[in-house]
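Structural description and commentary
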Amino acid sequence: MGCSCVGPNHVLFLLLCRKCIWHNLCVSSCFVSVNWLFVIYIHLLADPVNSSLNFETSAQTSFSDGEDEKKIPYHQQQRGGVRSKTSIIRSSLATEERKVTPNNTGFAPLDWTNDIGKYLILLLVVLGVLAAFALRPLILKKQDAHKVDEVQVMKKFYDGFRKLQINFPSQSQALWSRSQRILELHLLNKDNKQPAIILLTAAQDAEQTLHCVGNKLAKTYASSLNSNYTVISGPDRKSEDSEDVKEEIDDKLSEGFQGTARAAVLHRLELLPPGSLLILYKYCDHENANFKNVALVLTVLLDDSTLTTDILLSDLEEKVRDFFGKTFIVSDTKKSHNEMDVDKLSGVWSRISHVVLPVFPEKDVGKQCEETETKV
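This report concerns the structure included in the present document. On a predicted model such as this, the values are computed, not experimentally measured, just so you know.

Cut-offs and rules
Residues numbered from 1 in each chain as written. Predicted model: local features only at pLDDT ≥ 70, side-chain atom pairs only at ≥ 80, totals over all residues. Heavy atoms only, no water. Pairing = 2+ DSSP bridges. Helix = DSSP H or I, 4+ residues; strand = E, 2+ residues; numbered from the N terminus. Axes fitted to C-alpha atoms, helices over the stretch in contact; angles between N-to-C directions. Contact = heavy atoms within 4.5 Å. Left-handed = near helix turned anticlockwise from the far one by under 90°. Nonpolar A, V, L, I, M, F, W, Y, C, P; charged D, E, K, R; others polar. Phe/Tyr/Trp six-rings, centres within 6.5 Å; stacked < 30°, edge-to-face > 60°. Buried < 20%, exposed > 50% of the residue type's maximum accessible area, 1.4 Å probe, protein only. Expected span 1.5 Å × (residues − 1). Arc of directions from axis to C-beta. Salt bridge = Lys/Arg side-chain N within 4 Å of Asp/Glu carboxyl O. Core = buried A, V, L, I, M, F, W, Y, C linked by side-chain atoms within 4.5 Å.

As for the sheet that holds strand S1 (residues 196–202)
Read from one edge to the other, the open sheet built from five strands follows the order S2-S3-S4-S1-S5, with strand pairing classed as parallel. In this open sheet, the two edge strands, each paired with only one partner strand, are strand S2 (228–233) and strand S5 (356–358). For this sheet the average axis-to-axis angle between neighbouring strands, irrespective of direction, equals 20 degrees. Where strand S3 (residues 261–267) lies against strand S4 (residues 295–301), four bridges are found, and the strand directions are parallel. Directly across from Leu266, in S4, lies its bridge partner Leu298. Packing against the sheet, helix H6 (residues 173–188) makes contact with S1, S4 and S5, and its axis sits at approximately 160 degrees to S1.

Take a look at the structure:
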């Protein structure tokens, strides 16, 4: 790709071009180094001993052997007083042969202590450095893409959350600050240890607002990740069997989270059959939850006619917990495994009550909720 210097960013463009040239130079050097390394390896490890030279040496040795034996008297050879030149040559050749071919393979071993071995080690080091420089732009490019994606996700989330605050001006600061904090931390962490869980509650005068805010929070979180959200309605399952509802909720949440959904809303928990709430162990059990990189928004409508705007979050949490006990526990008698009792309800409550936030009534809330819900 050619480099053309146009526009006001002349210096930056030259730097980029120089970066491209350096990258191409490193890649080319790597290929050249690999070729030279292969050639050196072949010559050092695969250079056979010259068989013809060995043959000529053997022939000359045999000829000299005959001449020497003629010059030395037989009685001196028998007494061993003079060692024949042939014996010396044979011993020398045997020693050299053992040095050159210890494994009788016909190939010379590579000695890393000699100059060629040192140069080969240096070549390997240089090759590694060049490869590192050649791969560095690719690694940085991948990291930059990850950072850009993270920035875009958070930008979409903050933009959507800001619209929520504008469209629902009657809500408390606690609702916005606490919910935003838990959702943004979940988005920033790509490997969450547990799902993000928010429990919204309201009095009778804010029923419609509660439904709308719950959907909007789930949608804001899911939209920032270019995904969908699942909606489960408690009023639609009020008179159904607990086991059937539990299985239906399980199927719908699993299907959504295994598909394109990254958030879910469970509306009106107080209207679900008591035993069906046990399914929340599977999805809200902290580090043991089946899906951790997801957000769950739960809603509860109290039987109070209204809530005071200055209610403390601790008082609100206690109010919702008492309401759960009154709604789901008819008596203290021991229930079957699939039915709700005091201990099981306490376990469910401990898993969903991390963040309990109030929702207050809004004027003209119908206009804010006319948008079609995205469901899975």
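Some points on the packing of helix H10 (residues 313–328) against helix H11 (residues 342–352)
Two numbers describe how H10 lies on H11: the axes approach to 11 Å, and their chain directions differ by 145 degrees. Here H10 runs over H11; the crossing is right-handed. On H11, the residues that touch Glu317, Val320, Arg321, Phe324, Gly325 and Phe328 of H10 are Leu345, Trp349 and Ile352. Per-class residue counts for the contact of H10 with H11 are six nonpolar, one polar and two charged.

Here we look at the packing of aromatic side chains
Per the counting criterion, the structure on display carries eight aromatic pairs. Taken together, a centroid distance of 5.3 Å and an interplanar angle of 75 degrees make the contact between Phe324 and Phe328 edge-to-face. You can see Phe324 and its partner Phe328 sitting in helix H10, four residues apart, about one turn around the helix. Its relative accessible area of 2% is what places Phe324 among the buried residues. The class of Phe328 is buried, set by a relative accessible area of 5%. Through pairs of rings, three or more aromatic residues link up here, namely Phe157, Tyr158, Phe161 and Trp176.

Concerning the side chain of Thr201
Counting through the fold element by element, Thr201 comes out in strand S1. Not counting residues up to four positions away in its chain, the partners in contact with Thr201 are Leu210, Val300, Leu302, Leu316, Val320, Val356, Leu357, Pro358 and Val359.

Overview of the environment of Gly256
Relative to the helices and strands, Gly256 is located in helix H8 (residues 242–258). By relative accessible area, which is 0% here, Gly256 ends up buried. A C-alpha to C-alpha distance of 8.4 Å links Gly256 and Asn228, two positions 28 residues apart in sequence.

Thoughts on the side chain of Ser254
Looking at where Ser254 falls in the secondary structure, it is placed in helix H8. Assessed through its relative accessible area of 14%, Ser254 is described here as buried.

As for H10
Over its 16 residues, H10 runs 22 Å from end to end, which matches the ideal 22 Å to within 8%, given 1.5 Å per residue. Those residues of H10 lying buried are Leu316, Val320, Phe323, Phe324 and Phe328. Seen end-on, H10 carries its buried residues on one side only, within an arc spanning 105 degrees. Those residues of H10 that are buried lie in contact with S1, S4, H11 and S5.

Some thoughts on unusual backbone geometry
Of note, Asn226 is a non-glycine position whose phi angle comes to about 55 degrees, a positive value. Relative to the assigned elements, Asn226 resides in the loop between helix H7 (207–224) and S2. Positive phi outside glycine occurs at His286, with the angle close to 50 degrees. With respect to the helices, strands and loops of the structure, His286 is situated in the loop between helix H9 (280–284) and S4. A relative accessible area of 22% places His286 in the partly exposed class.

Points about the pattern of salt bridges
This structure, assessed with the given rule, holds 11 salt bridges. The salt bridge involving Asp250 is made with Lys282; its shortest N-O contact spans 2.9 Å. One end of the pair, Asp250, is in helix H8; the other, Lys282, is in helix H9, with 32 residues separating them in the sequence. When its relative accessible area of 17% is taken as the criterion, Asp250 is described as buried. Between Lys326 and Asp303 there is a salt bridge, with the nearest N and O atoms lying 2.9 Å from each other.

Regarding the nonpolar core
Counting 40 residues, the largest nonpolar core has Phe257, Leu266, Leu269, Phe324 and Ile352 as the members making the most contacts within it. Taken together, the elements giving at least two residues each to this core come down to S1, H8, S3, H9, S4, H10 and H11. Per element, the largest residue contribution to this core is five residues, and it comes from H10. With residues near it in sequence (within four places) discarded, Phe324 still touches Leu269, Val300, Ile329, Leu345, Trp349 and Ile352. Counting 34 residues, the second-largest nonpolar core is a separate cluster that includes Leu164, Ala196, Val231 and Ala263.

Shape is all these values report; function is a separate question.
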